Amino acid sequence: MSALLFAASLAAAQTVGAARQKELVRLVRQDCGSCHGMTLNGGLGPPLTPQALKQKPAEGLKATILGGRPGTPMPPWGAFMTEAEADWIVNELLKGFPNER
Amino acid sequence: MSARSAALAAITLTALAGCVQTELRGTGDLGVIIERAAGRVQIVDTTRETKLGAVEGLGDLSHASVVFSRDGRYAYVFGRDGGLTKVDLLRMRIDVRVVQSGNSIGGAISQDGRLIAAANYTPGGVRVFDAETLELLADIPAAYGDGSQRAKVVGLEDSAGNQFAFSLFEAGQIWVADLSEPRVPKLTKFKDVGRQPYDALVTPDGRYYLAGLFGEDGVAMLDLWHPERGVKRVLAGYGRGEQPLPVYKMPHLEGWAMAGSLAFLPAVGRHEVLVVDTATWREAGRIKVAGQPVFVMARPDGRQVWVNFAFPENEKVQVIDVETQTIVKTLVPGKAVLHMEFTPRGEAVWISARDDSRVLVYDTATLELRSLLLVDNPSGIFFTSRAFRMGL
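Reading the values: the criteria
- Residues numbered from 1 in each chain as written.
- Chains lettered and ligands numbered in written order.
- Predicted model: local features only at pLDDT ≥ 70, side-chain atom pairs only at ≥ 80, totals over all residues.
- Heavy atoms only, no water.
- Helix = DSSP H or I, 4+ residues; strand = E, 2+ residues; numbered from the N terminus.
- Rg over C-alpha atoms; globule rule 2.2 N^0.38 Å.
- Buried < 20%, exposed > 50% of the residue type's maximum accessible area, 1.4 Å probe, protein only.
- Contact = heavy atoms within 4.5 Å.
- Areas by Shrake-Rupley, 256 points an atom, 1.4 Å probe, with all protein chains shown as cover.
- Expected span 1.5 Å × (residues − 1).
- Pairing = 2+ DSSP bridges.
- Axes fitted to C-alpha atoms, helices over the stretch in contact; angles between N-to-C directions.
- Core = buried A, V, L, I, M, F, W, Y, C linked by side-chain atoms within 4.5 Å.
- Domains from an automatic or database assignment.
- Parallel < 35°, antiparallel > 145°, perpendicular 65-115°, else oblique.
- Left-handed = near helix turned anticlockwise from the far one by under 90°.
- Buried area = accessible area lost by both parts, 1.4 Å probe.
- Salt bridge = Lys/Arg side-chain N within 4 Å of Asp/Glu carboxyl O.
- Polar contact = N/O pair within 3.5 Å; in protein donor to acceptor, adjacent residues only side chain to side chain.

Let's talk about the overall build of chain B
Then, number 1: When its secondary structure is counted, chain B shows one helix and 34 strands.
Then, number 2: For 392 residues, the compact-globule estimate of 2.2 N^0.38 gives 21 Å, and the C-alpha radius of gyration of chain B, at 20 Å, lies within 12% of that figure.
Then, number 3: Along the longest, intermediate and shortest principal axes, the C-alpha atoms of chain B span 70 × 50 × 30 Å.
Then, number 4: Considering chain B as a whole, with its 392 residues, one finds that 60% of them fall into the buried category.
Then, number 5: Here the analysis covers contacts within chain B between residues at least 6 apart in sequence; of these, 43% occur between residues at least 24 apart.
Then, number 6: Accessible area of chain B: about 15500 Å², with a carbon and sulfur share of 50%.

Right under this line is the structure:
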């Protein structure tokens, strides 16, 4: 992991508490999962596995999550999470997203 | 209770009663509930409103759907991971299971009950199986453009004459596959039907195939009695040029919410249920609802329409009175309401609340809660009465 990414994930972990992390894991697995698959291996939306995302800049992924992609079914989630929370999700996606429980 | 302990219990009961045979029963009041995360289905009895037993080992069941054999004995479960499992409802065990693709969305059973078709995302296409053995009979790649691209297949529906109709999401096409010779499918392709068809349904008579469009306001309609007339656009521009609202879950066009000559459909990107007059295929009204509708389902007698919603309004269910086209009740069954299923004649409706791990049974006359079943992260609920209806 690059030093930069590590620093970012530390910062994200600091601002997203354990209880909220648990909620976000559920949100991603269940609600993002309705389009990306519960295993995140893809559905109507593309796979969100480390393999699929590793070439893509984290900033762009975060912007997609917060702002959506107009003209595609990817909706904006900015009303339901902070920037730090979106950062946290992107970091976890790049590492391999945690399972529920 | 696992299938094995249920079977044991049944044997013990009959032994106590002094019988030598296990009790005979029909399947007309049976159904299955998908336990999304556990890869398991619960088999339920809609008369006694209870679980009878569970069948495990069905793989990734997020977004799973089910069709039934015409004798009502077997449930065919389509899993997200491409698994297709034939479950014996009476013995409560897996009869046959195949993993047929990488990523599947649902399927259909042919008019004569002999063929099962599965709609796949990756690799995009349709595969057709022998309903008895699940042997692969035909593979139809959803190739488009120069032929090297494959589209995700959505809205796979059965219709008369062992035909299946389906839509290609990225390609904006509708295909009809005639499987009267199962190993030699005959395809008719309709191009430029509209942007991003996301799901479809057929009317109960099997005549009209309607594909909802995500990329534009409107519905693509094919008259399967007259395919030569081509695909027509209905409800074009229902959004009246307004900016669509974000859709946090794709709506489903499963079933056909039809009451008299009126049909009820979820709008996309509007918090509305659209009312269509099926005599003219024109808009006959719209009803403001609590959020982005996901399922819009008519009680079998067509007097009420029940609606559930996408995140973040997914704790609610609204009941529309068809005669007055008004909402008569907003229920809050629980967290993450995913699906609703009416009993065969509609006196009750079963509703799954995923995050509460509950299935709630409501009386549709009083709109009161009748029973509650504990089910682990329930999603789809499917009753055997679907076996006798086209498009389900």
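Right, picking up where we left off after that structure.
Quick word on the environment of Ala160 of chain B
Residues and elements named next belong to chain B.
Then, number 1: With respect to the element layout, Ala160 can be found in the loop between strand S14 (153-159) and strand S15 (163-168).
Then, number 2: The partly exposed category is assigned to Ala160, whose relative accessible area is 35%.
Then, number 3: Distance in space between the C-alpha atoms of Ala160 and Glu49 is 34 Å, their sequence separation being 111 residues.
Then, number 4: With near-sequence residues (within four places) excluded, Ala160 lies in contact with Gln111 and Met390.

Some thoughts on helix H4 (residues 58-67) of chain A
Residues and elements named next belong to chain A.
Then, number 1: Buried residues of H4: Leu61, Lys62, Thr64, Ile65 and Leu66, and no others.
Then, number 2: Where the residues of H4 are buried, they touch helix H3 (50-53) and helix H5 (83-95).
Then, number 3: In the stretch just after H4, Gly68 is the one whose phi turns positive, near 70 degrees.

Let's talk about H5 of chain A
Then, number 1: Here H5 of chain A is 13 residues long and its end C-alpha atoms lie 18 Å apart, about the 18 Å a rise of 1.5 Å per residue gives.
Then, number 2: In the segment just after H5 of chain A, Gly96 of chain A is the residue with positive phi, at about 110 degrees.

A closer look at the sheet that holds strand S4 (residues 65-68) of chain B
Residue and element names in this part refer to chain B.
Then, number 1: Strand order across the open sheet formed by four strands is S4-S5-S6-S7, with antiparallel pairing between neighbours. The two strands at the open ends of the sheet, each matched to only one other strand, are S4 and strand S7 (93-99). Taken pair by pair, the neighbouring strands of this sheet meet at an average axis angle of 20 degrees, ignoring direction.
Then, number 2: Pairing of strand S6 (residues 83-88) with S7, which is carried by six bridges, proceeds in the antiparallel orientation.

What about the pairing of strand S26 (residues 293-298) of chain B?
Along any regular strand, the residues point their side chains to alternate faces of the sheet.
Residue and element names in this part refer to chain B.
Then, number 1: Within S26, six of the six residues are buried, which leaves the element mostly enclosed by the surrounding structure.
Then, number 2: Examined bridge by bridge, S26 and strand S27 (residues 304-309) share four bridges and lie antiparallel to one another. Looking at S27, one finds that Val296 is bridged to Val307.
Then, number 3: Turn length for the S26-S27 hairpin, with the two strands adjacent in sequence and antiparallel, is five residues, and the turn residue Gly302 shows positive phi of about 75 degrees.

Concerning the sheet that holds strand S33 (residues 369-374) of chain B
Residue and element names in this part refer to chain B.
Then, number 1: One open sheet accounts for four strands, arranged S30-S31-S32-S33; its pairing is antiparallel. Bordering the open sheet on either side are strand S30 (337-342) and S33, each of which pairs with just one other strand. Here the strands of the sheet are splayed against their neighbours by 20 degrees on average, with no regard to which way each runs.

Notes on the nonpolar core
Then, number 1: By size, the foremost hydrophobic cluster in this structure holds 47 residues, and its most contacted members are Val126, Leu156, Phe166 and Leu210 of chain B.
Then, number 2: Sort the elements by how many residues they give to this core and strand S9 (residues 115-122) of chain B lands first, with four residues.
Then, number 3: For this core, the two domains that each supply at least three residues are domain 2 (100-249) and domain 3 (251-332) of chain B.
Then, number 4: In this structure, Leu156 of chain B is in contact with Gly106, Gly107, Ala108, Ala117, Ala118, Ala119, Val126, Phe164, Ala165 and Phe166 of chain B, ignoring residues within four places of it in sequence.
Then, number 5: Formed by 22 residues, the second largest nonpolar core is a distinct cluster that contains Val28, Leu61, Leu93 and Phe97 of chain A.

A word on the packing of H4 of chain A against H5 of chain A
Helix-helix packing: each pair is described by the crossing angle between the helix axes and the interaxial distance.
Residues and elements named next belong to chain A.
Then, number 1: Two elements in contact, H4 and H5, have axes separated by 9 Å at closest approach and are oriented at 125 degrees. In terms of orientation, H4 and H5 fall into the oblique class. You can see that H4 and H5 cross each other, and the crossing is right-handed. Residues Ala58, Leu61, Lys62, Ile65 and Leu66 of H4 form the contact with H5, whose own contacting residues are Glu83, Ala86, Asp87, Ile89, Val90 and Leu94.

Considerations on the interface of chain A and chain B
Then, number 1: Between chain A and chain B, the contact holds 22 residues from the first and 25 residues from the second.
Then, number 2: Both sides together, the interface formed by chain A and chain B hides about 2000 Å², and carbon and sulfur atoms give 54% of it.
Then, number 3: Taken together, the connections running from chain A to chain B amount to two salt bridges.
Then, number 4: Counting across the interface, chain A meets chain B through six residue pairs in polar contact (both at pLDDT 80 or more).

Some thoughts on the domain arrangement of chain B
All names here are of chain B.
Then, number 1: Splitting chain B by domain gives domain 1 (28-72 + 333-392), domain 2 (100-249) and domain 3 (251-332).
Then, number 2: The C-alpha centroid of domain 2 is placed 25 Å from the C-alpha centroid of domain 1.
Then, number 3: Counting residues at the interface gives ten residues for domain 1 and 18 residues for domain 2.
Then, number 4: Between domain 1 and domain 2 lies a buried interface of about 950 Å² when both sides are counted; carbon and sulfur atoms form 56% of it.
Then, number 5: Of all residues in domain 1, Val67, Met390 and Gly391 give up the largest surface area on contact with domain 2, accounting jointly for 55% of the area buried on that side.
Then, number 6: Summed over the shared surface of domain 1 and domain 2, the result is two residue pairs in polar contact (both at pLDDT 80 or more).
Then, number 7: Ranked by the residues each element gives to the side of domain 1 that touches domain 2, the list is headed by S4, at three residues.

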